[in-house]
Amino acid sequence: MKRNLLSVAALLFGTLFLFMGNGLQGILLPVRGNLEGYATTTLGLLGTSWAGGFVIGCLVAPKIVRRVGHVRAFSGFISIIAIIALVSGIIIDPIWWVVLRAVTGFSTAGTSMIIESWLNERASNESRGMIFSLYIGITLIGVVGGQMMIPLEDVRTPVLFMICGIFYCIAMLPTTLSTAASPQPLKAVRLDLPALYRNSPVSCLGILLVGIANGAYGTLGAVFGAGAGLSDTSIAVMMSATIFAGAVMQLPAGRLSDRIDRRYVLAAMSGIAALAGLLIFLLHPTSPALLIGLVVLYGAVANTLYPIAVAHANDFAASEDFVKVSGGLLLLYGIGTVIGPTISGPVMSAITPHALFLVTAIAHVLITVYAIIRSRIRAAVPASDRDAYTTIPTGTSPMLTPQSMSLADRGTGKPPETGKSPESGDPAVKFG
């Protein structure tokens, strides 16, 4: 175990700075754009373009990696991200920002896939779960650490954009200077969304809606905070606290879903998120403490939905198909994060910044209703046959790629592989 961890220590160190840059740039652009007077619709397109680029990157980047190799591809992708961060601080123009943000999303998918495949290569069966948990923890710390840089400098200056560039350059060093052998070429994951829906309608629709809600908040949460009168420091605290609250809540929510029907947990957590969102939209809290408290409550429950839905989908699929199932769900989540900011921007412009949470509430109400309806149609999988729950963060944007799912060590579950699926009475879905 110690030897395996040491072999990926440098890579994880680089990962920390990569996500620090991602976290800082992700909050810096909407905050600066809001100060420049950009329309909320335009700021929403920043998230839409990033998510669209990320989804395309998950599909296309493996071909680039196979052509030029992991180290060269990683250096190329992260160089592009660093250049864009610096250019964004020089060219203050909404159209350029939206275009460049799509390229950043594409390149981020490439860097994440390379890191995750590298970790897979170095992990043994005994250390795989530990390395996955460590990787998830580092990404969370990196994003939050980057967000908390906002109060340290005036966002009207290019200094924070320069800091983003520095973080990205530091992230590049461990892999470019490493003498370790490169991992094997990335494996393509064949996705079958119709079969995935037949396997678990709740997970498919639920994750699409979770992507809409999380994409909307992740992109426009800072814009909402500014519109609600919060300072830059309070906005950074609010955005970071929602991520931490979601991380803390994942374990108790996951354990509860291992004991009772996961759809009940999904419905309950979605219902609480919807209630918190509606309270923010209807009450317009003026107290920063109350406002941030409600947003943190929202984040605590909203960020538990994705991993519960993934676990529910894997309850009905063969354990060897975990990567394929999770890859399809990640694609749906990415599509949702494209839709969320696109819808929320115009709604916030037409109504009020607080209408961001009207959009998220509608998404969460739909999850609650559909999960309850489906629970009346089919029986739950017995607890002894359920797949093991694994925490997966989705605090602001799709940070993971299908390659990361191989790290999750999900081979211990006992999903039904033959016979009749409890879903509809049809033969159980087999992927591939």
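A brief report on the enclosed structure follows. (Residues numbered from 1 in each chain as written. Predicted model: local features only at pLDDT ≥ 70, side-chain atom pairs only at ≥ 80, totals over all residues. Heavy atoms only, no water.)

1. Structural notes on the overall build of the chain
Applied cut-off: For helices the rule is a DSSP run of H or I covering at least 4 residues; for strands it is a run of E covering at least 2, with both sets numbered from the N terminus onward. In this scheme, a residue with accessible area under 20% of its type's maximum is buried, one over 50% is exposed, and one in between is partly exposed, where area comes from a 1.4 Å probe on protein chains only. Residue contacts are counted whenever heavy atoms from the two residues lie within 4.5 Å of one another. Computed with the Shrake-Rupley method and a 1.4 Å probe, the accessible areas treat only the protein chains shown as cover for residues.
Of regular secondary structure, the chain possesses 15 helices and zero strands. Expressed as a percentage of its 432 residues, the buried residues of the chain come to 58%. By sequence separation, contacts in the chain at least 24 residues apart represent 86% of the contacts at least 6 residues apart. Per element, the accessible surface of the chain, about 16,100 Å² overall, is 67% carbon and sulfur.

2. Things to note about the side chain of Thr352
Looking at the element boundaries, Thr352 is found in the loop between helix H14 (322-350) and helix H15 (356-377). Leaving out residues up to four positions away in the same chain, Thr352 has contacts with Phe281, His284 and Val347.

3. Some details on helix H11 (residues 262-283)
Put simply, the rule reads: Expected helix span is taken as 1.5 Å per residue step, with the number of steps being one fewer than the number of residues.
Over its 22 residues, H11 extends 31 Å from the first C-alpha to the last, a length consistent with the 32 Å expected when each residue adds 1.5 Å. A positive backbone phi angle near 50° is found at His284, which sits one or two residues after H11.

4. Some points on the packing of aromatic side chains
In this description, an aromatic ring pair is defined by two values, namely the gap between the centres and the angle between the planes. Put simply, the test is: Two rings belonging to Phe, Tyr or Trp (six-membered ring only in the last case) form a pair when the distance between their centres is within 6.5 Å. Interplanar angles under 30 degrees mark stacking, angles over 60 mark edge-to-face geometry, and anything in between is tilted.
Per the counting criterion, the structure on display carries eleven aromatic pairs. Look at Phe17 and Phe167: their rings are 5.9 Å apart centre to centre, the planes differ by 55°, and that puts the pair in the tilted class. One end of the pair, Phe17, is in helix H2 (residues 9-35); the other, Phe167, is in helix H7 (residues 159-177), and 150 residues separate them in sequence. Grouping residues by exposure puts Phe17 and Phe167 together as buried. Ring centres of Tyr38 and Trp97 lie 5.7 Å apart, and the angle between their planes is 80°; on these two criteria the pair is classed as edge-to-face. Of this pair, Tyr38 sits in the loop between H2 and helix H3 (40-68) while Trp97 sits in helix H5 (residues 94-122), and the two are 59 residues apart along the sequence. Summarising the burial analysis for this pair, Tyr38 and Trp97 share the class buried. An aromatic cluster of three or more residues is present, and its members are Tyr217, Phe224, Tyr298 and Phe357.

5. Observations concerning the nonpolar core
Nonpolar side chains tend to gather and get buried jointly when the protein is soluble and globular. Just so we agree on the cut-off: Throughout this description, the term nonpolar core refers to a set of buried Ala, Val, Leu, Ile, Met, Phe, Trp, Tyr and Cys residues connected via side-chain atoms within 4.5 Å. Domain extents, as shown, originate in an automatic or database domain assignment.
In terms of nonpolar packing, the biggest core is built from 104 residues, with Phe224 and Leu329 touching the most fellow members. Of the residues forming this core, the biggest block, 13 residues, is contributed by helix H9 (residues 201-227). Summarising the domain contributions, this core has at least three residues from each of domain 1 (1-178) and domain 2 (189-405). What Phe224 contacts, discounting residues up to four positions off in sequence, is Met238, Ile280, Leu291, Val295, Met348, Pro353, His354, Leu356 and Phe357. Counting five residues, the second-largest nonpolar core is a separate cluster that includes Ala51, Phe54, Cys58 and Ala109.

6. As for the packing of helix H10 (residues 232-259) against H11
When two helices pack together, their arrangement is captured by the angle between the axes and the distance separating the axes. Filter applied, for reference: In this analysis, axes come from line fits to C-alpha atoms, helices being fitted only over the stretch in contact, and the angle between any two N-to-C directions falls in the range 0 to 180 degrees. In these notes the angle categories are as follows: under 35 degrees is roughly parallel, over 145 is roughly antiparallel, 65 to 115 is roughly perpendicular, and the rest is oblique. Each crossing is labelled by how the near helix is turned from the far one, with a counterclockwise turn of less than a right angle marking it left-handed and a clockwise turn marking it right-handed. Each residue gets one label: Ala, Val, Leu, Ile, Met, Phe, Trp, Tyr, Cys and Pro are nonpolar, Asp, Glu, Lys and Arg are charged, and the others, such as Gly, are polar.
Packing of H10 against H11 brings their axes to within 7 Å, and their N-to-C directions diverge by 140°. With respect to H11, the element H10 is oriented oblique. As H10 packs across H11, the resulting crossing turns out to be right-handed. For the pair formed by H10 and H11, the contact residues are Met249, Ala253, Leu256, Ser257 and Asp258 on the first element and Arg262, Val265 and Met269 on the second. Tallied by class, the residues present in the contact of H10 with H11 amount to five nonpolar, one polar and two charged.

7. So, the pattern of salt bridges
For the record, the criterion: Here, a salt bridge means any Lys or Arg side-chain nitrogen found within 4 Å of an Asp or Glu carboxyl oxygen.
For the structure on display, the rule yields four salt bridges. With its nearest N and O atoms 2.9 Å apart, the salt bridge here joins Arg32 to Glu36. Residue classification places Arg32 among the buried residues on the basis of a relative accessible area of 7%. Across the pair Asp258 and Arg262 runs a salt bridge whose closest N-O atoms are separated by 2.9 Å. Under the relative-accessibility criterion, Asp258 is labelled partly exposed at 27%.

8. Observations regarding the environment of Leu278
Among the structural elements, Leu278 can be located in helix H11. Counting along the chain gives 77 residues from Leu278 to Ala355, while the straight-line C-alpha distance between them is 9.0 Å. Excluding residues that lie within four positions of it along the chain, Leu278 makes contacts with Leu358 and Ala361.

9. Comments concerning the packing of H11 against helix H13 (residues 305-314)
Packing of H11 against H13 leaves a shortest axis separation of 10 Å and a crossing angle of 160°. Relative to H13, the element H11 lies roughly antiparallel. You can see that H11 and H13 cross each other, and the crossing is left-handed. Contacts from Arg262, Arg263, Val265, Leu266, Met269 and Ser270 of H11 reach H13 at Leu305, Ile308, Ala309, Ala311 and His312. Among the residues forming the contact of H11 with H13, the class breakdown is seven nonpolar, two polar and two charged.

10. Some thoughts on H2
Taking 1.5 Å of rise per residue, the 27 residues of H2 would be expected to cover 39 Å, and the 39 Å separating its terminal C-alpha atoms lies within 8% of that figure. Most of H2 sits inside the fold, with 20 of its 27 residues counted as buried. Of the residues trailing H2, Gly37 is marked for its positive phi of about 85°.

11. Observations regarding the environment of Leu208
Within the secondary structure layout, Leu208 lies in helix H9. Judged by relative accessible area, which is 23%, Leu208 ranks as partly exposed. Placed 122 residues apart in sequence, Leu208 and Leu330 show a C-alpha to C-alpha distance of 9.1 Å.

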